[in-house]
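Notes for the structure review
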Amino acid sequence: MTVLTKVFGTQLSLRLLSRIANTSVTKLTFKMSITTSDYGSWRSPITSKIVSESSVKFQEVHVDSCPENADTVYWGELRFDEGGRIVVCSQKVGEDKNTSWTPKDYNARTRVHEYGGGAIFVNNKVVYFSNYKDQQMYSQSSPDEAPQLITTGEKTWRYADGSFNAKTSKIYCVREDHSVVESKKAKEPVNTVVTIDPVTKQQFILAEGADFYSSPRVSPDGKKIAWVQWNHPNMPWDSTELWTGDLSATGDAVSNPKQIVSGTDISVMQPSWTPNNELLYIGDQTEWWNLYHVNANGDHTNLLPRDKETGGPHWVFAFYGYAVDPKGTGRIVLNSGSELGELNMNTKEYQKLDTGFTSHTCMNLTADGHVYCVAGSPTKFECVIRINLETKEVKILQESKSLDMDTGYYSIPEEISWKTTNDDVSYGYLYPPKNKDFVAPEGTKPPLLVQVHGGPTSQTSNVLSLKKQYFTSRGFAVLDVNYRGSTGYGKTYRHKLRAKWGISDIDDCCFGALYLGDIGRVDENKLCIDGGSAGGYTTLACLTFKNVFKAGASHYGIGDLEALAGDTHKFESRYLDNLIAPYTGDGIKIYKERSPINYIEKLDCPIALFQGDEDKIVPPNQAEMMYKAVKEKGIPTMHVLFEGEQHGFRKAENIQTALDGEFYFFSKVFGFKAADNDIKIPIANLK
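Residues numbered from 1 in each chain as written. Predicted model: local features only at pLDDT ≥ 70, side-chain atom pairs only at ≥ 80, totals over all residues. Heavy atoms only, no water.

With respect to the overall build of the protein
Helices and strands together make up the secondary structure of the protein, namely 12 helices and 41 strands. Taken over the C-alpha trace, the protein has a radius of gyration of 26 Å; the compact-globule value for 687 residues is 26 Å, and the two agree within 12%. The principal-axis extent of the C-alpha atoms belonging to the protein is close to 85 × 65 × 50 Å. Classification of the 687 residues of the protein by burial places 60% in the buried group. Carbon and sulfur atoms make up 47% of the accessible area of the protein, which amounts to about 27600 Å² in all. Each charge sign in the protein was given a centre, from 74 positive and 84 negative side chains, and these centres are 4 Å apart. (Helix = DSSP H or I, 4+ residues; strand = E, 2+ residues; numbered from the N terminus. Rg over C-alpha atoms; globule rule 2.2 N^0.38 Å. Buried < 20%, exposed > 50% of the residue type's maximum accessible area, 1.4 Å probe, protein only. Areas by Shrake-Rupley, 256 points an atom, 1.4 Å probe, with all protein chains shown as cover. Lys, Arg positive; Asp, Glu negative; His and termini not counted. Charge placed at Lys NZ, Arg CZ, Asp CG, Glu CD.)

Here we look at the pattern of salt bridges
Pairs can form between side chains of opposite charge whenever their charged atoms are close. Following the criterion strictly, the structure yields 31 salt bridges and no others. One salt bridge connects Arg 498 with Asp 265, and the closest N-O pair in it is separated by 2.8 Å. Of this pair, Arg 498 sits in the loop between helix H5 (491-494) and helix H6 (504-518) while Asp 265 sits in the loop between strand E20 (254-261) and strand E21 (268-273), placing them 233 residues apart in sequence. With relative accessibility at 25%, the residue Arg 498 sits in the partly exposed group. When its relative accessible area of 24% is taken as the criterion, Asp 265 is described as partly exposed. Notably, a salt bridge pairs Lys 491 with Asp 284, separated by 3.7 Å at the nearest N-O pair. With Lys 491 in helix H5 and Asp 284 in strand E22 (residues 279-286), this pair connects stretches of sequence that are 207 residues apart. We classify Lys 491 as buried; its relative accessible area is 11%. Several salt bridges share partner residues, and in doing so they unite Glu 77, Arg 79, Glu 82 and Arg 85 into one network. (Salt bridge = Lys/Arg side-chain N within 4 Å of Asp/Glu carboxyl O.)

Brief notes about the pairing of strand E29 (residues 359-365)
Across the seven residues of E29, six count as buried, placing the element largely inside the fold. By the bridge criterion, five bridges tie E29 to strand E30 (residues 370-377) in an arrangement that is antiparallel. Looking across to E30, one finds that Thr 361 is bridged to Val 374. Hairpin remark: E29 followed by E30, antiparallel, with four residues in the connecting loop; positive phi at Gly 369, about 85°. (Pairing = 2+ DSSP bridges.)

Points about the nonpolar core
If you look at soluble globular proteins, the nonpolar side chains tend to sit buried side by side. Tyr 322, Leu 448, Val 450, Leu 479, Trp 501 and Phe 549 are the most contacted members of the largest nonpolar core, which has 82 residues in total. Here Trp 501 is in contact with Pro 456, Ala 534, Tyr 537, Thr 538, Ile 558, Leu 561, Leu 576, Leu 579, Ile 580 and Arg 594, once residues within four sequence places are set aside. Formed by 53 residues, the second largest nonpolar core is a distinct cluster that contains Phe 381, Ile 655, Phe 663 and Phe 672. (Core = buried A, V, L, I, M, F, W, Y, C linked by side-chain atoms within 4.5 Å. Contact = heavy atoms within 4.5 Å.)

Structural notes on the packing of aromatic side chains
Overall, the coordinates contain 37 aromatic pairs when judged by the stated rule. Residues Trp 227 and Trp 243 carry aromatic rings whose centres are separated by 6.4 Å and whose planes lie at 10° to one another, so their mutual orientation is stacked. Linking Trp 227 in strand E18 (residues 224-230) with Trp 243 in strand E19 (residues 241-247), this pair joins segments that are 16 residues apart in sequence. With respect to burial, Trp 227 and Trp 243 carry one shared label: buried. (Phe/Tyr/Trp six-rings, centres within 6.5 Å; stacked < 30°, edge-to-face > 60°.)

Section: the sheet that holds strand E27 (residues 339-344)
Strand order across the open sheet formed by four strands is E25-E26-E27-E28, with antiparallel pairing between neighbours. This sheet does not close on itself; its edge strands, each paired only once, are strand E25 (322-324) and strand E28 (350-353). Neighbouring strand axes in the sheet, compared pairwise and without regard to direction, differ in orientation by 20° on average. Two elements, E25 and strand E26 (residues 331-336), share three bridges in a ladder whose sense is antiparallel. When the bridges of E26 are listed, Ala 323 appears paired with Val 333. (Axes fitted to C-alpha atoms, helices over the stretch in contact; angles between N-to-C directions.)

Regarding the domain arrangement of the protein
For the protein, the assigned domains are domain 1 (151-278) and domain 2 (413-684). For domain 1 and domain 2, the distance between their C-alpha centres works out to 36 Å. Listed by partner, the interface residues are 17 residues for domain 1 and 13 residues for domain 2. Regarding the contact of domain 1 and domain 2, the summed buried area is about 1300 Å², with carbon and sulfur atoms giving 57% of it. Applying the counting criterion to the domain 1 and domain 2 interface returns nine residue pairs in polar contact (both at pLDDT 80 or more). A breakdown of the residues in the side of domain 1 that touches domain 2 according to their chemical character gives nine nonpolar, four polar and four charged. (Domains from an automatic or database assignment. Buried area = accessible area lost by both parts, 1.4 Å probe. Polar contact = N/O pair within 3.5 Å; in protein donor to acceptor, adjacent residues only side chain to side chain. Nonpolar A, V, L, I, M, F, W, Y, C, P; charged D, E, K, R; others polar.)

A few points about the UniProt feature "domain: Peptidase S9 prolyl oligopeptidase catalytic" (unreviewed entry) in the protein
Those residues carrying the UniProt feature "domain: Peptidase S9 prolyl oligopeptidase catalytic" (unreviewed entry) are residues 465-671 in this numbering. Along residues 465-671, the helical share is 43% and the strand share 14%, with 26 Å between the first and last C-alpha atoms. (UniProt positions renumbered as here; feature names shortened; annotations may be inferred.)

Let's talk about the pairing of E21
By the criterion of burial, E21 is predominantly enclosed, with six of the six residues buried. Of the strand pairs in this sheet, E21 and E22 are connected by four bridges, and their pairing is antiparallel. Its bridge partner lying in E22, Trp 273 is registered against Leu 279. A loop of five residues connects E21 with E22, the two strands running antiparallel in sequence, and Asn 277 in this loop sits at a positive phi of about 70°.

A look at the environment of Glu 653
Along the chain, Glu 653 falls in helix H12 (residues 652-670). As for Glu 653 and Ile 679, which are separated by 26 residues in sequence, their C-alpha atoms are 12 Å apart.

Quick look at the environment of Thr 244
Among the structural elements, Thr 244 can be located in strand E19. Here Thr 244 falls in the buried class, since its relative accessible area comes to 8%. For Thr 244 and Ser 255, which are 11 residues apart along the polypeptide, the C-alpha to C-alpha distance reads 9.4 Å. Those residues in contact with Thr 244 that sit more than four places away from it in its chain are Ile 225, Ala 226, Trp 227, Asn 256, Pro 257, Lys 258, Ile 260, Trp 273 and Leu 279.

Quick word on the confidence of the model for the protein
Residues of the protein with pLDDT of at least 70 account for 95%, and the chain-wide mean is 92. Throughout residues 1-31 the model reports pLDDT below 50, and contacts reaching past four residues in sequence, or to other chains, amount to 37 contacts. (pLDDT = per-residue confidence, 0-100.)

Remarks on the packing of H6 against helix H7 (residues 534-545)
With their axes 9 Å apart at the nearest point, H6 and H7 run at an angle of 70° to one another. For the element pair H6 / H7, the angle class is roughly perpendicular. The residues of H7 that touch H6, namely those facing Asp 505, Ile 506, Cys 509 and Cys 510, are Tyr 537, Thr 538, Ala 541, Cys 542 and Phe 545. (Parallel < 35°, antiparallel > 145°, perpendicular 65-115°, else oblique.)

Some words on unusual backbone geometry
The omega angle of the peptide bond from His 232 to Pro 233 is 0°, so this bond is cis rather than trans. As for its placement among the helices and strands, Pro 233 is situated in the loop between E18 and E19. Backbone torsion omega between Gly 455 and Pro 456 reads 0°, so that peptide bond is classified as cis. Within the fold, Pro 456 resides in the loop between strand E36 (448-452) and helix H4 (466-472). In this model, His 113 sits at a positive phi of 65°, which is unusual for a non-glycine residue. Within the secondary structure, His 113 is located in the loop between strand E8 (99-100) and strand E9 (120-123). Backbone geometry at Asn 277 places phi at a positive 70°, although glycine is not the residue there. Relative to the helices and strands, Asn 277 resides in the loop between E21 and E22.

Have a look at this one:
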């Protein structure tokens, strides 16, 4: 059945159309139609190729540390159609053309903490970056010149979170030394804060002894340095310490190290200096990550006490949540929850900056009054934008994706909450099915895909994502869950996952799906779930330990918590101590109890597994073990191993296969015909 719904180019609602049909109007010109078809079978122009190709992911944004060079902004683009290579790009004020700096045989990506970030910084029109292949640091004077090696060539040393100080003419960064592991002198790499002379290549250690370091920042006068450090088993969102020290005249030695902030369950991050050499940092002393100022007397002041968070969890380096005016006006720009704002630290006056976006990260502020950041919204892809603080003009410099797509295919998320266990509340975004060309048969309800973010100490946002729209435009509802433990809701909510990973997150996903079924928004017999990394673990655990979902897809997910505890990288090697228990004594029993791989007999619904064969964070043998166990039980299952992929898929062709493969899998499980999906991947035990 086809229902005509567009009259003279103006789209009409079905209710209005029915009223027109009962009038004497008989001569209408129609331009397009709406077809009635089952949920899941809708044809959509949002293909997996459109999702992955000609798109980028912004890694970081920087301005020149020399205020006189404030007319150019630089950013890193992860280009999916170039195999996930990260390219440094720039744009100058007054020009619309973007310039690519990184030659084809280079990749501006560091592997410090494996997750990286902070691979790029700029000083005096020179771009400095860490190169992925050899993990060395290079300088590049212009887009047309070849990068020059400025480190020693020691390939077991990795560098991140660098900055250049004009007073000392030195680079300050985090170094991660893997030589001690290769020589078997230590079980894990050694992290330090170092200074590098870009001319002589000499390096000196400034801070050592802690397990982890981040954000080494030197004061404008070159006399002090600040940094953040923490130790196992803490993660940077648990308990961290802020330190300062006096720099020597040469800038390559530290004296009088002093601990500025510390304490159990106090998370501090992202220190920086005002132009008059006073310290700023983000801390959660008052429940929320707020911005603090330390004056010359050592007094700490919360500059903007709000029940909203500035910044976010330190998974990667260089994602600063605020920036200071280098002219010394006291003006600061910062993200506060979903908004961008301007704060005067002298008068404490604050005003929201209306950018038209709902997400703002990677803050930069220049002496000429321009703000640069990455911004996104439910209807706009992430962009690098520039805001003129005087005129409030917002200019898009680069879009992560440029797509001429009718918004009639986009589902706008609803922020919802629901009751969960222990009289708690969980949160998420609900994306209803949306496709301007289709409606479902009357009386039917859509299948629901619950999506679980990674981390698990992370959060999902409502920024436009074609991976979600891929499903909603085909007739699925999507619930993107911010389960207990997610960031963005304060420290108490963030800590609710302590010792409860594999319990609270599972409950929140299951209760969210059941809630939507109870209120009639989705078909309670067609509930499915997917997730990547830690979200993949929650997916597998939901399917194994609960009887709520009918199918699921795990992307580089964890099936065996014991294997993860014994075979992962340094940054996360003690992460589970707080999320589950220390891996000793009775704690080992808990790991076994919460590992889906040990309870395959409880699993009675289909699973698809997608995995990279070079994943150092979640080893690929976990997906293989889960696949074999499910297959032997006779349950429909799919296993796709991507060659050359690490943790998170970066190659466009693999992203396409994973997306199309998951939807194909659900179509076979739920028995609908997936339109425009030509992929054919073997599904074991499919009848």
